[in-house]
Amino acid sequence: MQLVAGGAAAEPRAQTVASGFPHPWAVAFIEGGRFLVTERGGRMRVVEADGRVGPAIAGVPPVVARGQGGLLDVVTDSGYASNRTVFFCFSEPGEGGNSTAMARARLSADRTRLEQVKVIFSQRPKVESTAHFGCRIVETPEGLLFLTLGERFSRKEDAQRLDNDLGKIVRLTKDGAPAPGNPFVGRAGAAPEIWSYGHRNVQGATWGPDGRLWTHEHGPQGGDEINLPQPGRNYGWPVITYGENYGGGPIGEGITAKAGMEQPLHYWVPSIAPSGMAFLTSDRYGPAWKGNLFIGSLKFGYLDRIELAGGKVAREEKLLEGVGRVRDVRQGPDGLLYVLTDEENGKLLRLQP
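These numbers were taken from a predicted model, which means no experiment stands behind them. (Residues numbered from 1 in each chain as written. Predicted model: local features only at pLDDT ≥ 70, side-chain atom pairs only at ≥ 80, totals over all residues. Heavy atoms only, no water.)

Student: Go over the side chain of Arg350 with me, naming the residues and quoting the values.
Tutor: By secondary structure assignment, the location of Arg350 is in strand β24 (residues 346–352). Among buried charged residues, Arg350 stands out as having no salt bridge; its nearest opposite-charge side chain is Asp334, 4.4 Å away. Only 2.7 Å separates the side chain of Arg350 from the side chain of Gln15, close enough to count as a polar contact. Once residues lying within four places of it in the same chain are set aside, the contact partners of Arg350 are Arg13, Ala14, Gln15, Val17, Phe35, Asp334, Leu336, Leu337 and Tyr338. (Helix = DSSP H or I, 4+ residues; strand = E, 2+ residues; numbered from the N terminus. Buried < 20%, exposed > 50% of the residue type's maximum accessible area, 1.4 Å probe, protein only. Lys, Arg positive; Asp, Glu negative; His and termini not counted. Salt bridge = Lys/Arg side-chain N within 4 Å of Asp/Glu carboxyl O. Polar contact = N/O pair within 3.5 Å; in protein donor to acceptor, adjacent residues only side chain to side chain. Contact = heavy atoms within 4.5 Å.)

Student: A description of the packing of aromatic side chains should follow, citing residues and the corresponding values.
Tutor: For the structure on display, the rule yields 11 aromatic pairs. Each ring, one from Phe35 and one from Tyr338, has its centre 5.3 Å from the other, and the planes form 55°; the classification is tilted. Of this pair, Phe35 sits in strand β3 (residues 34–39) while Tyr338 is found in strand β23 (residues 337–341), placing the two residues 303 residues apart along the sequence. Residue class for Phe35 comes out buried when judged on its relative accessible area of 2%. Ring-pair connections join several aromatic residues into one group, and the members of that group are Phe29, Phe35 and Tyr338. Directly above the aromatic system of Phe133 lies the positively charged group of Arg152, at a separation of 4.1 Å from the ring centroid. Above the face of the Trp237 ring, Arg200 is positioned so that its terminal group lies 5.2 Å from the ring centre. (Phe/Tyr/Trp six-rings, centres within 6.5 Å; stacked < 30°, edge-to-face > 60°. Lys NZ or Arg CZ within 6 Å of the ring centre and 35° of its normal.)

Student: Please give an account of the sheet that holds strand β20 (residues 302–309) that cites residues and values.
Tutor: The sheet built from four strands is open, its strands ordered β18-β19-β20-β21 with antiparallel pairing. Because the sheet does not close on itself, it has two edges, and the strands there are β18 (274–279) and β21 (312–319). Pairs of neighbouring strands in the sheet enclose a mean axial angle of 25°, with direction left out of account. As judged from the five bridges shared by strand β19 (residues 293–297) and β20, these two strands associate in the antiparallel manner. The partner of Ile295 across the bridge, within β20, is Asp304. (Pairing = 2+ DSSP bridges. Axes fitted to C-alpha atoms, helices over the stretch in contact; angles between N-to-C directions.)

Student: Break down the state of the cysteines for me, citing the residues and quoting the values.
Tutor: Summed over the entire model, instances satisfying the criterion amount to one disulfide. What pairs with Cys89 in a disulfide is Cys135, and their sulfur atoms sit 2.1 Å apart. Within this pair, whereas Cys89 is found in strand β7 (residues 85–94), its partner Cys135 is found in strand β10 (residues 134–139), the two being separated by 46 residues in sequence. As far as the burial class goes, Cys89 and Cys135 line up, both buried. (Disulfide = S-S within 2.5 Å.)

Student: Account for the sheet that holds β10, naming residues and giving values.
Tutor: The strand order across the open sheet built from four strands is β10-β11-β12-β13, with neighbouring strands paired in antiparallel fashion. What marks the edges here is a single partner per strand, and that holds for β10 and β13 (194–197). Along the sheet, successive strands turn relative to each other by an average axial angle of 15°, direction set aside.

Honestly, it's all geometry; don't read function into it.
The following block contains the structure:
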């Protein structure tokens, strides 16, 4: 591959693997070089290695496909090769409105349907809202699941309360139970599934090569953040923020720091509207990119390459500018990066070195 001065790879070329997805949200990798793609409207589809897009897979539960809601993240279980298990999250209808839910299922051998579908976790309370579902899933090396949960926009103050799941990151077993060792287990008035709180709308999450959970979240007008959520910590929303109300004006006291609340690792003003998040652990693009963090921008339509040094953001580079709203980014089994664009004619792209 071509290298430019300093050992950095020349910008890769975006190759279209498949297209025609109405507002795709997440991509996972399955056997034979195939892909599993969710569409916000409620469909999950298999993409063949040659780019052919299959029909909707049967068995997806009813979803609230309004506003930001619908069928959202999907990941394969670490034991997928033997158990064919997938986890996915979606906006679930129910008494009182809707909320983020996570389900476990088995992808049938012929890849046409989901079997043994079971909703293992439902965010509470349900709220009449079409915004801020969060809904990213990360499996830890120990086989536990992190799930990000938005504060539903209209209930932002609840992000500071521990008796609900709004504006939280939760850590669960694969049966949906609170994970052993969670920070609030046994604490009166606190939900035992909670890992961290004070979040707004976390639409990016990944397991870092440093053995920690990395996330990013949407701020209001300005103030998108990267965080490394620690157990029991308070990430401040809506008390502290680097953003402001839509149309201007301070949120709350208009402060950016307060004792007992965590500062973000990095923040963006103006907002880039981040979504999707992946570390590159392969050397497919040259040594300069290995270990970099990649985040999609919905607002500006690019892929953000982030160089880290000493645990801080050292440099950012905009890739694929003009490609469209980048909803998801993942590293595939081949070590290459894959991107989904969230549009009426959404695309699955492969970054060719």
